[in-house]
Each structure stands twice: as structure tokens, then as C-alpha cells.
Amino acid sequence: MDDEPGFDDFVAEQTAALLRYGYVLTGNPHDAADLVQEALVRLCGAWPRVRRKDSLHSYVRTTMARLHISVWRRRRREHLIGEPPERVHHEVFPRDDEQGVWEELAALPRRQRAVLVLRYYEQLSDAEIAKVLGISTGTVRSQAFRGLDKLRSALSSAPATHGSMR
Amino acid sequence: MTDLEDQLSRVLSGAAHRAPQPPEGLLATVKTRHRRRRARMAAVRTAAAVVLVAGGVGAVVSALGASAEPYPAVSATGRPEASPDKIPPLIEKVWPQAVHKIPAKLPDGRAYYPQLLLDDRTLLVMTGVSDGKRQFLWSYELSTGRPRQIAEIPPTKGSAIFADGVAAGGGNIVWWASYKEAGSPRVARIWTVPATGGQPRPVTDVPLGNVMKQGHIDGLTVAGSDVIFAYEKGGVYRVPLSGGSPQPVKGAERHHILRWPWVGVHRGKAIFRELFNAETGERRDAVVKADEEVRCGVDRCAGVAVRYKTVKAERPRDRSGKEIKCGTRRCPDTARSQTILRRFVRDRDGSHERELPNSFQTGDDAGLERFFKVTLRGPGDQTVLTLYDADTGRSADLGIRRDAKGSMGIPDGGLDRLMTYPIKNEMYVLDLAALK
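Residues numbered from 1 in each chain as written. Chains lettered and ligands numbered in written order. Predicted model: local features only at pLDDT ≥ 70, side-chain atom pairs only at ≥ 80, totals over all residues. Heavy atoms only, no water.

Participant: I tried to follow the packing of aromatic side chains on my own but got confused; where do I start?
Facilitator: Counted by the stated rule, this structure contains 10 aromatic pairs over all chains. Both rings, one in Phe10 of chain A and one in Trp47 of chain A, keep their centres 5.9 Å apart while their planes meet at 50 degrees; by these two values the pair is tilted. Taken as a pair, Phe10 of chain A in helix α1 (residues 7–26) and Trp47 of chain A in helix α2 (residues 29–50) lie far apart in primary sequence, 37 residues in all. With respect to burial, Phe10 of chain A and Trp47 of chain A carry one shared label: buried. Each ring, one from Tyr421 of chain B and one from Tyr428 of chain B, has its centre 5.1 Å from the other, and the planes form 15 degrees; the classification is stacked. Among the residues examined, Tyr421 of chain B registers a relative accessible area of 1% and is labelled buried. The buried category is assigned to Tyr428 of chain B, whose relative accessible area is 7%. By the ring-pair criterion, three or more aromatic residues cluster together here, those being Phe7, Phe10 and Trp47 of chain A. For Arg113 of chain A, the ring lying beneath its charged end belongs to Trp102 of chain A, and the centroid distance is 5.2 Å. (Phe/Tyr/Trp six-rings, centres within 6.5 Å; stacked < 30°, edge-to-face > 60°. Helix = DSSP H or I, 4+ residues; strand = E, 2+ residues; numbered from the N terminus. Buried < 20%, exposed > 50% of the residue type's maximum accessible area, 1.4 Å probe, protein only. Lys NZ or Arg CZ within 6 Å of the ring centre and 35° of its normal.)

If you want it as C-alpha cells, here you go:
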């Protein structure tokens, strides 16, 4: 579209990185693709307003993080297929312990997972995470702590179950 | 970084390599969806304007739902998306007695953050949170809108975390701030000030050790003449408000504070299943079945019953039906699916089970163990956050909508009576205790 200069380039350059981010945020390729698509549709709508900003990269990532924790996706899927497989764990790691971490991540509430992804994948500080998710730094800290705590206890309590579900 | 954090970084970057490849035709799909949505929104706006003239607010909701139908969004499978949820009326209509709307800024233009209710009419707020310079505590009279400064929070050198964990009781306010001097370990300094105002005074310094591994402290509570707190890794301590060194609370050495004096340990997927009253010694174990994942309060547990299954994965496809590739590999063949069988809240002894709405936020604190946040899908794929009362089955729309940037504030609120969130220039202050 002529009225959206630069948008096509942005999509071409950024989509692969956004899909990687979407994948670690959601844990499965379907949700990652849908999340990226939805975020880009919204970016397209906001493009005339935001295209001159330096922080387009963080704008769209913020949109994705907030969309994800806003339960936007789960609702859509539930409407489509009734009582669905809500969390789908794909076997992606050759090593059982890493597969275990990946699967337990899927069991975390979305906000906790988002905080961990922003901290350990995006390497953001707690103050930056607070801004992205629109919550206080105290909440970031406690969500991160709770998330890590759950991973730790889940991984120590049931190491034998991982990898046995193939 | 701890081993787990290292592992987490590794796992996340490793997984990123297996992310799906950009599907062909994505740009065209995005633009088509954008145009369709713009058209649909224009139709919704027109319909809304007409109905607003014709009738009341209640009519607008259904009219909006209907007006969206001529432009159904099409999903990945080609089936039209289901119709929007029925959106309940706004909270000020449903529970007017619980809603206080006050300006979102103090009279001098400062932004503030609500902390807790000092009593039925007085909100404790903090300013200076976002600019991080000078922080103050204020009491805010809900009826008159008049703020009164209680104290300036003393800035701490080398403080990574400013005032946190604000709590009040018996006319005293307490909080903590993390503090570190070169060459010595990080501490959490607990402070107190009378609710009527005065000069804040340090209560004690709590040694923190490795905060990345063991966390800070939380659960700060004023109990009589003592302050109670717990390490985030577990372990409840007591220190007199007048000062001294913290002493472990007997029988609660590994525990977390749910609501003093109730403390418990986290075990797998049943949070606060076993509770212990640290003052009377009473124990309360909750009934939880093997397939259930719950979060319990003092009186109730809420959660889901789930079934896990390993299934053959369908080939991932994008909305236009094209197959998505996973990095350089094929996408995985198997997946573990989780099906939610039931969503419920019930008493800790297993009685009085009631069903919760499909989209209640699992793992989130429910105000007074009764009010659950439920996300609905409104017209035009709009996310609508509602509050569901498990005692009466009534619901209310919190009134929060996405702003122009597409972002949406999430209300702050824990297990207690207070829930707050800003909408435009107003702060919504909900006192859930006003609902009998």
C-alpha cells in the first residue's frame, strides 16, 4: 500500500526475529505465527503514527508481549475448537533436562513466562520489563521469582517424567 | 546467575532456533486483515452512533455484536470465528457501592500508585514511583479527594529496589527497600512511620544473600507490635517494630506467608495446599485430587482439572493454510496436549464446588478469594476484562479497553479487598469488602 512507506521493509527485515521471539514467548509454532501476524496487523494500523519512531522494534515486541498475556490468543482458539488442547508441548530438545525446562515453562501462567522470557531471552532489566508489560517492578520481581521457584520445584520433583512421553 | 537461570537462557535461545520460518505471503495477509478490520471498525462505529441516539447503553452492546457480523474474521481453518462473548454491564452499574472514581493525578499533577486502604475512606498512595527521584507516601481521602503527605521515603544509597511491600496495621506503615554498601552483602532495610505522619525510622536490616538465587523478602505484615516477613525462598521471621534482630517464627522455617498468621509451603502444582496458623498452631490441609492444579487461599482453592496426552502434531500452518517450517528442521511430530476438564473454586475441605468461567485467569490471586478476573472477547476481537463474583455468579465489566497504542493496563490487586486501575484521567479504586 502506498500510504504505508517502510512497512513492507520492516516486515521483510523483522519477521524472522519476531517469530523467534514469538516462539519462545508462546512455546509453539502455531501461536508464534498467529501472534506475529496479529502484532503486524496492529502495527499496520498504527504505522502512520509510529513509523518515524526509533523504537519500532520494541513497539512491536511490547505489543506481542501484551497480546500474549492478555489471553487474546487462547480465547480465539477456544472459540474455534471447543475444549481444546490448550497448551501444546512440542518435543524440541535432544536433551531430556532441556526438554524438561521447556515443558515446565509451558505450565507457567502467561505473565510469569513473559517475565522470564523478557529477562532471560531478551535480557531486559526488571525496570524495562515493567514498562513492557505495564506492571510495577515489584510485580516483575515477584513474578520472576515465583516463575523460577515453580520451575525449580517442578524440575526437582518430577525429573523422571520428562522425555518419557514420546 | 544460578544454574537454572543459565539453563533457562540456553533453553530459550536454543528454542528460538527452532522457531517457524516466515510464511510466504505474510505481508499480503497482514494488509488484507488490516483493511478488513478497518472496514469492520468503521461499521461498528456507525452502528454505535445510531444506537446511542436511539436507546440506552445496554442496547449498544448487543448492537455492536450484531454489526460485526457482516464482516466475519476468518481463522486459519477457514471457519468463521465465533461470535463475541456477552459483555456484562460496567462495574459502576453492577456494584456502585464498591467503586470510587478519583482523579488519576494528585491536585499538584503528580502521578501516584495506590498501595492499600488504611480504612473504608482512606487510600494510601505513593508518588515518585515512575520518575524514581523522591518518593512520598500520602493518605488520600476518597470522599473529599484531599491528599495529605505522610512522609518522604528516605532514599537509600545503592538501592536497587525502592520502597516495596508497603503494609499497614495498628496505626503504623511499614515497607522495605533493598540496600547495599560496597564490600558488604545486600540487605533489605525495613522502615516504619506512623500513619498519621512523621519521620520514617529503620526497624531492622535483613541480610539477603544472593538475591538472584534466593530472592528478596515479601509478605510484610504489621502484627501487633511486630513486623512479620518471609524470605521469597521461604522462611518466616518476626521483628519488633521498635527494632532488634529478626527471629525465625517457630514451625514456619520454610514457609511463605499467605495471610498472616496463615503460612504454607508451595508443593508442585498445589499452591498453599497445606496451611499452618503460626499463632495458634492450627493446620488446614486442602482436598486436592491428582489431576488438579490449584491455588489456595485461607478458605478456598481455585484451579483446574487437567488431562495431559501425547498426540501426533498437525503440521503447523499459517492463517492462509501454508505450512510453517521450524528452522532448518522439520517441525516436531508429537506434542503433549493439555485439556482443561474443569475450572472450579471450592472450600478447602472439598465442599461447595462451583464452576468458574472458561477464561478466568488461573494462578492469579482472587480478591477476597471470591472475585476472579475473567477475560472476555468483545465485538471486533476486543479484549474485555471483567470481574466475576463466585458467590453470586454476577459479573461486571471493569471498563478497561486498549488505548490507541493497543496496550491495556492490568489491574493491580491481590488477595485483599483493594483493586485499582487507571482509565484515562480517572483512577478506579474498588473496595471489594463493600460487597456483602
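Participant: How do you make sense of the nonpolar core when you look at a structure like this?
Facilitator: Grouped burial of nonpolar side chains is what soluble globular proteins tend to show. Counting 58 residues, the largest nonpolar core has Leu40, Leu43, Leu116 and Leu133 of chain A together with Leu8 and Leu12 of chain B as its most contacted members. Looking at this core, the element that brings in the most residues is α2 of chain A, giving 12 residues. A domain split of this core shows at least three residues from each of domain 1 (1–88) and domain 2 (92–166) of chain A. Counting residues in hydrophobic clusters, the runner-up holds 18 residues, among them Ile91, Ala396, Leu430 and Leu435 of chain B. (Core = buried A, V, L, I, M, F, W, Y, C linked by side-chain atoms within 4.5 Å. Domains from an automatic or database assignment.)

Participant: I tried to follow helix α3 (residues 56–69) of chain A on my own but got confused; where do I start?
Facilitator: Residues and elements named next belong to chain A. Look at α3: 20 Å from first C-alpha to last across 14 residues, which is about the 20 Å you get at 1.5 Å a residue. Counting buried positions along α3 yields 11 of 14 residues, so the element is predominantly enclosed. When α3 is considered as a whole, its buried residues turn out to be Leu56, Tyr59, Val60, Arg61, Thr63, Met64, Ala65, Arg66, Leu67, His68 and Ile69. (Expected span 1.5 Å × (residues − 1).)

Participant: Hey, could you run me through the state of the cysteines in this one?
Facilitator: Residues and elements named next belong to chain B. Counted according to the given criterion, the structure contains 1 disulfide over all chains. Here Cys296 connects covalently by a disulfide to Cys301, the sulfurs 2.1 Å from one another. On the S-S bond that ties Cys296 to Cys301, the torsion sits near 100 degrees, and the link is right-handed. Taken as a pair, Cys296 and Cys301 share a single burial class, namely buried. (Disulfide = S-S within 2.5 Å.)

Participant: Would you mind going over the side chain of Glu292 of chain B with me for this structure?
Facilitator: Residue and element names in this part refer to chain B. When you line up the elements, Glu292 lands in strand β18 (residues 292–296). Polar side-chain contacts of Glu292 include one of 2.6 Å to the side chain of Arg346. Discounting chain neighbours no more than four positions away, the residues touching Glu292 are Lys269, Val304, Ala305, Arg342, Phe344 and Arg346. (Polar contact = N/O pair within 3.5 Å; in protein donor to acceptor, adjacent residues only side chain to side chain. Contact = heavy atoms within 4.5 Å.)

Participant: Looking at this structure, how should I read the pattern of salt bridges?
Facilitator: Residues and elements named next belong to chain B. A full pass over the atoms with the stated rule returns 25 salt bridges over all chains. Between Glu282 and Arg284 there is a salt bridge whose closest N-O contact spans 3.3 Å. Given the relative accessible area of 38%, Glu282 is considered partly exposed. (Salt bridge = Lys/Arg side-chain N within 4 Å of Asp/Glu carboxyl O.)

Participant: How should I be thinking about unusual backbone geometry in this particular structure?
Facilitator: Residues and elements named next belong to chain B. Backbone torsion omega between Trp260 and Pro261 reads 5 degrees, so that peptide bond is classified as cis. Secondary-structure assignment places Pro261 in the loop between β14 (256–259) and β15 (262–267). Phi at His352 is positive, roughly 55 degrees, even though this residue is not glycine. The topology assignment puts His352 in the loop between β20 (334–347) and β21 (354–355). On the basis of relative accessible area, His352 is assigned to the exposed category, the value being 57%.

Participant: Got a minute to help me understand the environment of Arg342 of chain B in this structure?
Facilitator: Residue and element names in this part refer to chain B. With respect to the helices and strands, Arg342 occurs in strand β20. Taking the C-alpha atoms as reference points, Arg342 and Val304, 38 residues apart in sequence, are found 5.4 Å from one another. Non-local contacts of Arg342, meaning those with residues more than four positions away in its chain, are made with Lys289, Glu292, Gly303, Val304, Ala305 and Glu353. A polar contact of 2.8 Å, which involves the side chain of Arg342, links it to the side chain of Glu292. There is a polar contact of 3.1 Å between the side chain of Arg342 and the side chain of Glu353.

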